[in-house]
Amino acid sequence: MLDEALRADAAGRLRAAERDRAPIEPLTDTYPDIDVVDAYEIQLANIRGRLAAGARVYGHKVGLSSPVMQRMMGVDEPDYGHLLDEMVLSQDEPIKAGRYCYPRIEVEIGYVLGASLPGEGCTEEDVLAATEYVVPSIELIDSRIRDWRIRLADTIADNASSAGVILGDARVNPKGMDLADIEAVLYSGDTEIARGNTSAVLGNPTTAVAWLARKVASFGVKLEAGHVILPGSCTRAVDVRPGDVFRAEFAGLGSVSARFE
């Protein structure tokens with residue numbers, strides 16, 4: 001475990017890396033004693049700083065929600081990060097790829113809460129009752145760690161590699177859908193480049209949202225009405241380059257697009 005001075009130093013390194021688009025060496029190399037609690041406290045320190053500067057919480061995201069990614073990281077549960085209003089991107093405007101270090105996109109459904117979720121003891125039933133609608137979404141992820149050489153503490157401290165979120169136009173009542181079995185296809189131009197199913201997200205993305213509500217409660221955080229929750233990707237992550245145009249189509253849920261310059 002790190003002391004407060006080392007946590008502050010790590011947080012400062014990540015802030016500078018994001019601001020200057022200058023990736024740093026893995027925190028797990030620089031601070032060999034860093035653990036998961038340190039990593040979440042480093043994440044929260046930087047989020048508090050951004051909120052103090054005027055940002056607001058837009059929602060949260062779940063990472064490492066697939067068994068494959070958990071095995072890769074040697075963990076048995078997901079992680080989470082914050083989504084801020086300044087991270088919201090539009091389908092209608094090009095996204096500057098040069099703003100990021102190593103941008104990638106992931107395809108997932110988004111839950112928009114109409115009521116706040118309980119923390120400890122939150123269930124899938126609680127999530128469905130509180131969800132006003134679900135939306136097609138693309139998450140933009142990035143790593144401020146050089147060459148994505150991340151281990152668990154690196155990505156948690158780096159706000160779970162969060163960078164942006166794009167929502168599609170559809171708004172669908174979740175009560176009429178099987179959220180655990182939605183096919184999703186990602187296109188680059190007219191070419192299919194990835195395909196997946198929401199069952200890849202802990203078997204059911206609603207399970208991931210319930211996990212998140214319980215997890216953040218231990219850090220004094222609550223998933224509130226109006227928040228957008230991204231439960232995890234149902235396809236592999238895809239690298240982004242200037243000029244790329246992507247479209248993700250979800251069976252029964254519509255589509256969402258993103259273009260980069």
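In what follows, the structure referred to is the one given above.
Bear in mind that the values here come from a model prediction, so they are computed numbers and not experimental data.

A.B. asks: Account for the pairing of strand 11 (residues 245–250), with residues named and values stated.
C.D. replies: Every regular strand shows the same layout, with side chains that alternate between the two sheet faces. Side-chain alternation along strand 11 places Phe246, Ala248 and Phe250 on a buried face and Val245, Arg247 and Glu249 on a face that remains uncovered. Here 5 bridges tie strand 7 (residues 183–188) to strand 11, and the two strands are oriented antiparallel to one another. Paired with Leu186 across the two strands is Ala248, which belongs to strand 11. Bridging between strand 11 and strand 12 (residues 254–259) involves 6 bridges; their strand directions are antiparallel. What sits directly across from Val245, in strand 12, is Arg259.

A.B. asks: Give a detailed account of the pattern of salt bridges, specifying residues and quantitative values.
C.D. replies: What the rule picks out here adds up to 17 salt bridges. With a closest N to O distance of 3.6 Å, Glu18 and Arg50 form a salt bridge. Taken together, the positions of Glu18 in helix 1 (residues 4–20) and Arg50 in helix 3 (residues 36–52) put the pair 32 residues apart, joining distant regions of the chain. Arg19 is the salt-bridge partner of Asp20, the closest N and O atoms lying 3.0 Å from each other. We classify Asp20 as partly exposed; its relative accessible area is 43%. Sharing partners across several salt bridges, the network here consists of Glu4, Arg7 and Asp38.

A.B. asks: Explain the side chain of His227 residue by residue, including any values.
C.D. replies: Secondary-structure assignment places His227 in the loop between helix 7 (205–217) and strand 9 (228–230). The exposure class of His227 is buried, given its relative accessible area of 8%. When neighbours within four sequence positions are excluded, His227 is seen to be in contact with Val57, Tyr58, Gly59, His60, Tyr111, Val112, Leu113 and Lys222.

A.B. asks: Could you give an account of the sheet that holds strand 11, with specific residues and numbers?
C.D. replies: Sheet architecture is open: 4 strands sit in the order 8-7-11-12, paired in antiparallel fashion. In the strand order of this sheet, the two ends are held by strand 8 (191–197) and strand 12, each with one partner. In this sheet, neighbouring strand axes are inclined to one another by 15 degrees on average, regardless of whether the strands run parallel or antiparallel. When strand 7 meets strand 8, the two strands line up antiparallel, connected through 6 bridges. Within strand 8, the residue paired with Ala184 across the bridge is Gly196.

A.B. asks: Help me get a handle on the nonpolar core, residues and values and all.
C.D. replies: Leu27, Ile105, Leu117, Phe250 and Phe260 are the most contacted members of the largest nonpolar core, which totals 69 residues. Ranked by the residues each element gives to this core, the list is headed by helix 7, at 7 residues. With residues up to four places along the chain from it excluded, the contact list for Phe260 reads Ile95, Ala97, Ile105, Leu140, Val240, Arg241, Pro242, Gly243, Asp244 and Phe246. Within the second largest apolar cluster, 12 residues are counted, among which are Leu83, Leu84, Val228 and Leu230.

A.B. asks: Would you mind going over the packing of aromatic side chains in detail, with residue names and values included?
C.D. replies: Within this structure, the stated rule accounts for 4 aromatic pairs. Aromatic pair Tyr40 and Phe219: ring centres 4.9 Å apart, planes at 50 degrees, arrangement tilted. Placement of the pair is Tyr40 in helix 3 and Phe219 in the loop between helix 7 and strand 9, with a sequence separation of 179 residues. Classification of Tyr40 as buried rests on a relative accessible area of 2%. Arranged with centres 6.1 Å apart and planes meeting at 75 degrees, the rings of Phe246 and Phe260 form a pair that is edge-to-face. Taken together, the residues Phe246 in strand 11 and Phe260 in the segment after strand 12 connect sequence positions 14 residues apart. Phe260 matches Phe246 in its accessibility class, with the two residues each being buried.

What counts, and at which threshold
The numbers attached to residues start from 1 for each chain and follow its sequence in the written order. Owing to the predicted nature of the model, reporting of local features is limited to residues with pLDDT of at least 70; listing and counting of side-chain atom pairs is limited to 80 or more, with chain, interface and lining totals taken over all residues. Excluding hydrogens and water, the side-chain values take into account all heavy atoms of the structure. Residue burial is assigned from relative accessible area. The probe radius is 1.4 Å, only protein chains are included, and a residue is buried under 20% of its type maximum, exposed over 50%, and partly exposed in between. Starting at the N terminus, helices and strands are each numbered in turn, a helix being any DSSP run of H or I of at least four residues and a strand any DSSP run of E of at least two. Two strands pair under a simple rule: DSSP has to find at least two bridges between them. The working definition used for a salt bridge is a side-chain nitrogen of Lys or Arg within 4 Å of a carboxyl oxygen of Asp or Glu. Residues are treated as being in contact if the distance between any of their heavy atoms lies within 4.5 Å. Interaxial angles span 0 to 180 degrees and are taken between N-to-C directions of axes, which are lines fitted to C-alpha atoms, for helices over the stretch in contact. Definition used in this section: a nonpolar core is a set of buried Ala, Val, Leu, Ile, Met, Phe, Trp, Tyr and Cys residues joined via side-chain atoms within 4.5 Å. Side-chain rings of Phe, Tyr and Trp (the six-membered ring for Trp) are treated as a pair once their centres are within 6.5 Å; stacked means planes under 30 degrees apart, edge-to-face means over 60, and tilted covers the remaining angles.

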